[in-house]
Each structure stands twice: as structure tokens, then as C-alpha cells.
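Inside the fold
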Amino acid sequence: MKDRKTEYRSQKPIFYLVFSILCFLSSILCPSFADTPDIYLSITRTGGSKIKIAIPDFSLQEGITDRENLSSKGAEILREDLEISGLFKTIDNKDILNEVDSKDKKSGKINFKEWASMGTEAIVKGHINVEEGKFNIECRLYDVKRGEQITGYKYSGDRTIFRQMIHKFSDEITYRFTGEKGIAMTMLAFVSKATENKEIYISDYDGHNIRKLTDHKSISLSPKWSPDGKSIVYTTFKYGNPDIYSINITNGKKTPVSTFSGMNMAGSWSPDGKRLAVSLGKDGNAEIYTMDMDGKNLSRLTNYRGIDTSPAWSPNGMEIAFTSDKSGNPQIYVMGSDGANLRRLTYQGSYNDQPSWSPDGNKIAYSSLNSGQFDIFVIDLVGNSFQQLTSGKGDNQNPSWSPDGRNIVFSSNRDGRYQIYIMKSDGAEQRKLIYIEGGGYSPSWSPRIE
Amino acid sequence: MQKYNKIFLVIFLFVFSTTFLFISCAPKKPISVKPQVDETTIKAEEKGKQKAEEEARLKAEEEARLKAEEEARLKAEEEARLKAEEEAKRRTEEEAKRKAYEEARLRAKEEAKRRAEEEARRMVEEEARLKAKGEKKKIEEEKLSAIMETETQPLAARETEVRTVPALEDIYFDFNKYDIRTDGREILQRNAEWLQKNPGAKIQIEGHCDERGTTEYNLALGERRAMSVKKYLISLGISAERLYTISYGEELPIDPGHNEETWIKNRRGHFLIIIKP
């Protein structure tokens, strides 16, 4: 007994020594890990509060007549970006904005006190000049309380990327205040019948700058962005069978991906962009497969003599959500990406389809037939609850999350024809994002494009 | 032993107190810093910071400008190059594709012919055998149910010319269903008779859905419908090689209306005969 006590005593100090050295080291190291010097934290969001930011119309190089109204357009784009981000509240009284701004111009400096009296925490000032047909946009972000510039960038390019230059600064502002990358440079893909046939279109994330991507003059459906944002897979009837093709968005090059007899329906890319989860009809009924990007190395995940469709890969790559009619009507199921551990997710309603994972993998948005009309629901996988996001306004389908998880884009026929709509991920602020002759269907939100 | 213990204790106390000092002095996470730090310190820091920031900003501006210019130039060059390349590639690809299709078609044709001949021979033999046994009817019934149970694979009629024949009637389905209704069976019986009278004819079965439901699910449902029809026709003795299938989902409604009356018409199996190749 005595011996043991001595032994114990003699070890104790060594333990304390090691422990205190560890404490010592961690006290030195930890703060430097926590420190992220790029991010500006003088203004912080507490809870869900928004940062108040003033964006007066941009100033214009002297001697230029603003025929296209660029000075107000520039500020407008930035205001919209920051509003969509959900992190900022822009000062919307333009009269006051421009009045204070003109005082600044007269005095040649920024009267921070006056801005502060409007309750604004930050200001953005933009200046546009044109040089040999090229636009130069200078944007500066100021901290009102401290009366200093936080960051400033000058962007130049031709008129076609005017909006992008401002989107870029918007992402910079978001990053400065939150440490989170913005989404203003992301894009949307969707289907429209603006010409005689359904073709694939892309646009900026705010619905501007719509471009027709395919010209198959056939039926093209269900575009899905690759994780690197460089290409889109979709299904086309161009060659006499619903086949999956991939199109490079910069050069328009099309590559066949899956061309088995019967339906080939693109579902979802694996997060690493190496595999594609698809729904194939080649066995006589739709089954879920995964395959390489050239359609090879097929791996069959479902084996049920009914319909298995709409596979959606979870953000961590471990699971695949999909729709199956094995219960007698379409319901959403989740299985491992190897087909194991199948479990049913939806029990409410007789028609649930189009599962779409939130970027953090905690939620799945889907479309559900609800008293005769389709509405968008979100199921919380962590809290095991579900929430209805749309109601009483026509059919609402095809939810797709923004990469920051704050917005959901979807298609709705609430005003007659299907068009592309956007809402916050809790269903707030629903509005039409794109109006296009010929309708908008099956939107897919791109990842952040580097 | 006691002596060593004391030494350790002293070292421990020393290190612990130093640690404590460091922990208490170390900067906390910036997010929790309240702007209560000495005003002058901040200003002094800020001046240096401002200068550095200004320099960094100018540098960043210059870099951004150069990068943007370089990017624009590269983009223009790349675009011109890609356009030319794309055009050339597209042409060769189209040519290659046409050739591949042509070859595949010929191969498929030969294969189908061979199979059809084999099937015909087999059927003649079978029939002779059955006649001899005098139990044709019973066996045919068995065959029917067996076929509806087993899966058959879709056959795509790529690059073909098709046309409608008045003799081949459409059949209709219930909402979200793909089983053949009783009225559908009668129609398929008649369609099968036509196919037996026209043994050279190959047909394409189209599966269609009404506008309700999702694009993806309807494509699968339309395929299910086309395959149900195909299986039923096989059970009536039509060779699988004559039956091509395609699903158009909800994409080609026969009536663009938005009510039950039009939906009934749109949930259909439609028949076309393949005239080329």
C-alpha cells in the first residue's frame, strides 16, 4: 500500500508538468488559429440581425453622359446582391442616400457622422470611368463608425461583364463581414421553350444575362450543374431516345454520357464530380445507377420492379436520396451511395419527388402533391420534422438550393405558365426571378464558380 | 524522493503560473472583442494598418487590373480558337456519328432479321408440336401470365422515320398507373391481330403522361406504360424485336388543356409504324 502511494506521488508531478506544458503551448497556439485577419469584425452580425449598408448611386467620370443610367444601375445591382444574400439591409430611401452623397461630393470627403445618423454601419462608394471602350469600376467599402476604408477594388472589363464586376465586389463585401464566400457569381441552369422546343438555358444567379445553351431542336430536360461549375448534364431526345449528354458551358462542347436503350435521366453528380447518379430504364423499369462520366463502370443501386428515379447525392457523398413507387406511389427514400441501408423518408401525402439536399446536408427539399397541387416542403433530417414552404399558389416544383443554403430556386405556375421563382430557405420572400417567354422549368443552382 | 517531488512541484507551479499569465493575456477570439480597447492604441495601430492596407489595396488593384486585362485577352483568343475548333470538331463528329449510326443500324437490322427468322422457325415448330398435343390454348394462357411477370428490355428506335396507322389504336391509362385496363386489353388484341397480318411491320410504342406529376417521374411512368404494352403484345405472340419503345413523359400532350377531360386523353400508349429503316 505504502509502495503504491509513493509511486503514485512520484508520477503526479510529471503528469502536471506535461499537462502544464500542453496548456502553455495551447495558450500560445490557439489564438493564432482563431485569428482570421482577412475578415473585418468591427461590424458584426449578432444573431439574425442584418448589417445596415448604404449604397448611393455610383459617381461617373466627368464629361461622360450617362445614357444607360449606369451610375444608378451599378448601385442597384449591388443593393440587390446584398439583399439576396440575406445578410444586409440596404438603405432604400434613394433621396436621402443621394442627398448625403452629394454633400460628400461637395466637401470632397465622406461625412461619416451624417451617414451614421441614418443608422448605417457601412457605405459603398463606386466610381465608373470609361477608357477606350472599357469600363473601370472602383468600389470602396467604408466602416462608418470608424470612419475608414475597409477594402477597395478596381475592376475593368467590357460592357458585357458590367454586372459581373459588381457581383464580384458584392462577394468581397460578404466575405469581409462574414468570412463566408458570397454567391453573387453563381449561375442558374433551367429549361425553357422560348424557341419551339425545350432547350437548356443558363443565367446569372439573379436571373439576368439569360443565354440559350443548347440548340437541339428536340426535347431537352433536367439540367444539373457539375460540382466544378464547368459543365451541365441533361437529358435530350435529340437522337431518338432520352439520352444523357454533358455540355461544357464555356465552349458549348457536347459529350454523350449515357445512351442506353430506354430512358436515361440525369440525376446528380457525386460531390467530387467523378460519378453520376442516374435513373436508367434499360432493364425494363427505371433503376438507380451510378456511373463514370463516360457512362462506364456502371453500378446498380436499386433492384425493384417499379419506378426508381430522381437520385440526389448528399453533400458528403455518403448517401443518395431518390424517389421510388415501391409503396404504391412515389415517395422519397435514402440509401447509402452503395445502395445499402435503404430507408423511407416521406410518409405524408401520396406523391413526393425531386429530393434536393441542402448544402450542409441537414435538410432535403422536395415537391409534394398537396390537395391537388404541388408544393415545396423541407424535411429536417436532424430534427426529424418537416416544413411546408409554398402553399395556395399554383404548382411549385423542382427546388434547388443556393450554395450558401440561404435561398431556394424553384419553378411555379402560380401566374399561369411555369416560371423560375426564388425564396429564402424558410419560404419567406417568394418572388419571380425570371420571366421568359416559353416558360421556365427545372432550375438548378450552380456551385460557387472559382 | 521527497526532495524530487518538491522540485517538480516548484517547476509545476512556475509553469502553471506562466501558463495562467499567458492565457489571461492572450488575445481572445476576435469575434468577442468589445471595442473597449484603448482609443489611442487603436489609432496608432490603425495608422500603420491604414498605410499597409492602402499599399495592399493599390497592389491588389493593380493585380486585379492586370489579371482582368490578361483574362479578357486570353478569353477573346480562347473564344476565337474554340469557335474554329468547335466548328471543325462538330463537322467531323457529325460525320462520325452518322457513320456510326448507319453501321449500328445495319447491324441491328441484320441481328433483328436473324432473330425474327429464328423466332418464326421456333414458333412454327412450337405450333406444330402444340397442335399435335392438342393443348395449344392452355399453354398459351400460361405463357401470357409468365411474360407479364418477367421483365423485358426496352428497344430504342433511333434515327428512324415513323408514321401513324389508323389501324393501330391508342390505349389509355389511369392516373399514375401503368397496368393495362380491360378496355386496353381489347384494343391491344386488335393491334396484335394487325401486327400478325402485317408480319413485316415494326412498331414504336410511345408512353405518355398527363401534365400532373414531375418531369422525371413522368418520364419513368411513360416508359413503364410503353413497356406494359410491349409485354402484353409479346404475350399475344408478337415478337419482341418488332416492338420498339420510347417514353415522352409529359412532354408531348395530345391536348394542351389543364383539366381531367384532357388529362384522360394524354395518359396514353400510342403506336407508330417504323417505315425507315
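Every value quoted in this text rests on a predicted model; they were computed, and no experiment measured them.

What counts and what doesn't
Residues numbered from 1 in each chain as written. Chains lettered and ligands numbered in written order. Predicted model: local features only at pLDDT ≥ 70, side-chain atom pairs only at ≥ 80, totals over all residues. Heavy atoms only, no water. Helix = DSSP H or I, 4+ residues; strand = E, 2+ residues; numbered from the N terminus. Buried < 20%, exposed > 50% of the residue type's maximum accessible area, 1.4 Å probe, protein only. Contact = heavy atoms within 4.5 Å. Areas by Shrake-Rupley, 256 points an atom, 1.4 Å probe, with all protein chains shown as cover. pLDDT = per-residue confidence, 0-100. Pairing = 2+ DSSP bridges. Core = buried A, V, L, I, M, F, W, Y, C linked by side-chain atoms within 4.5 Å. Domains from an automatic or database assignment. Buried area = accessible area lost by both parts, 1.4 Å probe. Salt bridge = Lys/Arg side-chain N within 4 Å of Asp/Glu carboxyl O. Polar contact = N/O pair within 3.5 Å; in protein donor to acceptor, adjacent residues only side chain to side chain. Nonpolar A, V, L, I, M, F, W, Y, C, P; charged D, E, K, R; others polar.

1. A word on the overall build of chain B
- When helices and strands are tallied, chain B shows 6 helices and 5 strands.
- Listed by position from the N terminus, the elements making up chain B come as α-α-α-β-β-α-β-α-β-α-β.
- Per-residue burial for chain B yields a buried fraction of 34% across its 277 residues.
- Long-range contacts, defined as pairs at least 24 residues apart, comprise 79% of the intrachain contacts of chain B with a sequence gap of at least 6.
- By element, 58% of the accessible surface of chain B is carried by carbon and sulfur atoms, the whole surface being about 18,000 Å².

2. Focus: the confidence of the model for chain B
Residue and element names in this part refer to chain B.
- Of the residues in chain B, 77% reach a pLDDT of 70 or more, and the chain-wide mean stands at 79.
- Within chain B, helix 3 (residues 136–149) has the poorest average pLDDT of any element, 49, and strand 2 (residues 171–172) the best, 97.
- Throughout residues 25–47 the model reports pLDDT below 50, and contacts reaching past four residues in sequence, or to other chains, amount to 13 contacts.
- Scored below 50 in pLDDT, residues 135–144 makes 5 contacts in the model with residues more than four places away or belonging to other chains.
- Per the prediction output, this complex has pTM 0.74; the corresponding ipTM is 0.85.

3. Observations regarding the pairing of strand 28 (residues 419–424) of chain A
All names here are of chain A.
- Summarising burial for strand 28: 6 of the 6 residues are buried, a large majority.
- The two faces of strand 28 match: Gln419, Tyr421 and Met423 on one face and Ile420, Ile422 and Lys424 on the other face are all buried.
- Taking the residues that link successive antiparallel strands as the turn, the strand 27 (residues 407–412)-strand 28 hairpin has 6 residues, and the phi of Gly416 there is positive, at about 115°.
- Between strand 28 and strand 29 (residues 431–434), which follow one another and run antiparallel, lie 6 residues, and Gly427 among them has a positive phi close to 95°.

4. What about the nonpolar core?
Residues and elements named next belong to chain A.
- Ile53, Phe58, Leu78, Leu141 and Ile173 are the most contacted members of the largest nonpolar core, which has 26 residues in total.
- When residues of this core are traced back to their parent elements, those giving at least two are strand 1 (51–54), helix 2 (70–85), strand 4 (122–131), strand 5 (134–143), strand 6 (148–157) and helix 5 (162–178).
- Residue contributions to this core peak at 6 residues, all from helix 5.
- Not counting residues up to four positions away in its chain, the partners in contact with Phe58 are Ser71, Gly74, Ala75, Leu78, Gly126, Ile128, Ile137, Cys139 and Ile166.

5. Topic: the confidence of the model for chain A
- For chain A, per-residue confidence averages 89 on the pLDDT scale, and 89% of positions sit at 70 or higher.
- Every residue in residues 27–37 of chain A is under pLDDT 50, and counting partners more than four places away or in other chains gives 10 contacts.

6. Observations concerning the domain arrangement of chain B
Residue and element names in this part refer to chain B.
- Looking at the assigned domains, one finds that chain B contains domain 1 (60–150) and domain 2 (153–275).
- Listed by partner, the interface residues are 10 residues for domain 1 and 11 residues for domain 2.
- When domain 1 packs against domain 2, close to 1,100 Å² is buried across both sides, 66% of that on carbon and sulfur atoms.
- Across the contact surface, domain 1 and domain 2 share 0 salt bridges.
- Applying the counting criterion to the domain 1 and domain 2 interface returns 0 residue pairs in polar contact (both at pLDDT 80 or more).
- Of all the secondary-structure elements, those providing two or more residues to the side of domain 1 that touches domain 2 are helix 2 (39–133) and helix 3.
- Top element by residues in the side of domain 1 that touches domain 2 is helix 2. It accounts for 6 residues.
- Class assignment for the residues of the side of domain 1 that touches domain 2 results in 6 nonpolar, 1 polar and 3 charged.

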